[in-house]
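If you want the building blocks of each chain, they are given just below.
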Amino acid sequence: MSRTLFTSRDGGDLKDFARRESLRVDLSMDHLIFMHQTHSDLVLVVDGSEGEPQCDALVTRSKGVALAAMAADCMPVTFTSEGVVGIAHVGRVGLVKGIAPKTVETMLGLGAGKITAIIGPSICARCYEVSPEMYEEITALIPSTATSSDLHSLDLQSGVKSQLESLGVAVKDVGICTLENSDYFSFRGGDLSARQAGIISL
Ligand SMILES: [Zn+2]
């Protein structure tokens, strides 16, 4: 049985090491692993001995090890399967690089069966406006991100959903927009530094 959690503003800024440590204690975990996130397509399999690795997705089979992905508009995406869990930080760049499908491939390589993913609080399709040029570029690469060319805002949630569903992953979305809901940190809403997190453990 895995455990999934999405923190909000109430959980504090999880860039802060003291907040991370008190969260680890609250969750009764031996390790709570955060990533040094760089919008890469790097997935790491971890067992708790890693510190803060530079990557954008984590996978583990170890009990007592919780995985965390920070975000404040980007999507924290959790993955569960029998005996394996994963987490990914998916923004526009990570979506194009396929960090979410790469997380699934890594889990399958470790013997995962049926995988379920949950898209955490993130900026929604109504709010994520980009330049018309970027809209054209991204929707050409991932058509499911399209909304309308008048609005030129991107639907990142539909984008990752289509990538994952094509791999047979069942996808849920908590349906919370970080820009519209003041309980959450939002980069576009002015929280340039603070981050909440998605967290998963076996
Ligand atoms: Zn929104």
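Residues numbered from 1 in each chain as written. Predicted model: local features only at pLDDT ≥ 70, side-chain atom pairs only at ≥ 80, totals over all residues. Heavy atoms only, no water.

1. Here's the deal with the coordination of the zinc ion
For the zinc ion, the protein coordination sphere consists of Cys124 (SG), Cys127 (SG), Cys177 (SG) and Glu180 (OE), at 2.0 to 2.3 Å. Here the donor residues of the zinc ion share one chain and are spaced in sequence as C-x2-C-x49-C-x2-E. Taken together, the positions of Cys127 in the loop between strand 8 (116–119) and helix 4 (132–141) and Glu180 in the loop between strand 9 (170–173) and strand 10 (196–201) put the pair 53 residues apart, joining distant regions of the chain. According to the relative accessible area criterion, Glu180 is partly exposed, its value standing at 47%. (Donors = N, O, S within 2.8 Å, 3.2 Å for Na, K, Ca; no water. Helix = DSSP H or I, 4+ residues; strand = E, 2+ residues; numbered from the N terminus. Buried < 20%, exposed > 50% of the residue type's maximum accessible area, 1.4 Å probe, protein only.)

2. Examining the packing of aromatic side chains
Scanning all chains against the criterion turns up zero aromatic pairs. The positively charged end of Arg20 is found above the aromatic ring belonging to Phe34, 4.0 Å away from the centroid. (Phe/Tyr/Trp six-rings, centres within 6.5 Å; stacked < 30°, edge-to-face > 60°. Lys NZ or Arg CZ within 6 Å of the ring centre and 35° of its normal.)

3. Description of helix 4
Three- or four-residue spacings in an α-helix give side chains the same orientation, since the helix completes a turn every 3.6 residues. Of the positions making up helix 4, those classed as buried are Tyr135, Ile138 and Thr139. Down the axis of helix 4, the buried set is contained in an arc of 95°. They therefore lie on one face. In helix 4, those exposed residues whose orientation departs by more than 90 degrees from the buried face are Glu133, Ala140 and Leu141. Summarising the contacts, the buried residues of helix 4 are in contact with helix 2 (92–97). (Arc of directions from axis to C-beta. Contact = heavy atoms within 4.5 Å.)

4. Observations regarding the state of the cysteines
Evaluated as defined, the whole model comprises zero disulfides. Among the cysteines around Cys55, which has no disulfide bond, Cys74 carries the closest sulfur, lying 15 Å off. Take Cys74: it sits in no disulfide, and the sulfur closest to it among the cysteines is that of Cys177, at 13 Å. (Disulfide = S-S within 2.5 Å.)

5. Digging into the sheet that holds strand 5 (residues 65–71)
Ordered by their spatial adjacency, four strands build an open sheet running 1-10-5-2, and the pairing between neighbours is mixed. A strand with exactly one partner marks an edge of an open sheet, and here the two such strands are strand 1 (3–6) and strand 2 (31–33). Strand-to-strand twist of the sheet, defined as the mean angle between neighbouring strand axes without regard to direction, takes the value 20°. Sheet strands in contact with helix 1 (residues 17–26) are strand 1, strand 2, strand 5 and strand 10, and its direction is about 135° off that of strand 2. (Pairing = 2+ DSSP bridges. Axes fitted to C-alpha atoms, helices over the stretch in contact; angles between N-to-C directions.)

6. Topic: the pairing of strand 5
Regular strands have side chains that alternate between both faces of the sheet. The element strand 5 is extensively covered by neighbouring structure, given that seven of its seven residues are classed as buried. Here strand 5 shows two buried faces, one formed by Val65, Leu67, Ala69 and Ala71 and the other by Ala66, Ala68 and Met70. In the sheet, strand 2 pairs with strand 5 via three bridges, with the strands oriented parallel. Bridging across to strand 5, Ile33 finds its partner in Leu67. Across five bridges, the pairing between strand 5 and strand 10 is antiparallel. In the sheet register, Leu67 faces strand 10, and the bridge partner there is Ile200.

7. Quick look at the layout of surface pockets
Here the largest pocket is characterised by a volume of approximately 470 Å³. Along the walls of the largest pocket sit 21 residues, with His39, Cys74, His89, Phe187 and Arg195 positioned nearest its centre. Where the lining of the largest pocket is concerned, the elements lending two or more residues are strand 5 and helix 2. Residues belonging to the lining of the largest pocket are distributed by class as follows: ten nonpolar, five polar and six charged. (1 Å grid on protein atoms, 1.4 Å probe; cavity = no way out; pocket = protein on both sides within 12 Å on 5 of 7 lines; lining within 4 Å. Points joined across faces, edges and corners; volume = space filled by probe spheres on them. Nonpolar A, V, L, I, M, F, W, Y, C, P; charged D, E, K, R; others polar.)

8. Concerning the pattern of salt bridges
Counted under the stated rule, the structure contains five salt bridges. The residue Glu21 makes a salt bridge to Arg24 at a minimum N-O spacing of 2.6 Å. Of this pair, Glu21 and Arg24 both sit in helix 1, three residues apart, roughly one helical turn. For Lys102, the salt bridge is made with Asp41, and the minimal N-O distance between the two is 2.5 Å. Remark: Asp41 occurs in the loop between strand 2 and strand 3 (43–45) and Lys102 occurs in helix 3 (residues 99–109); sequence separation between them is 61 residues. Take Lys102: its relative accessible area is 28%, and that puts it in the partly exposed class. Among the residues examined, Asp41 registers a relative accessible area of 32% and is labelled partly exposed. (Salt bridge = Lys/Arg side-chain N within 4 Å of Asp/Glu carboxyl O.)

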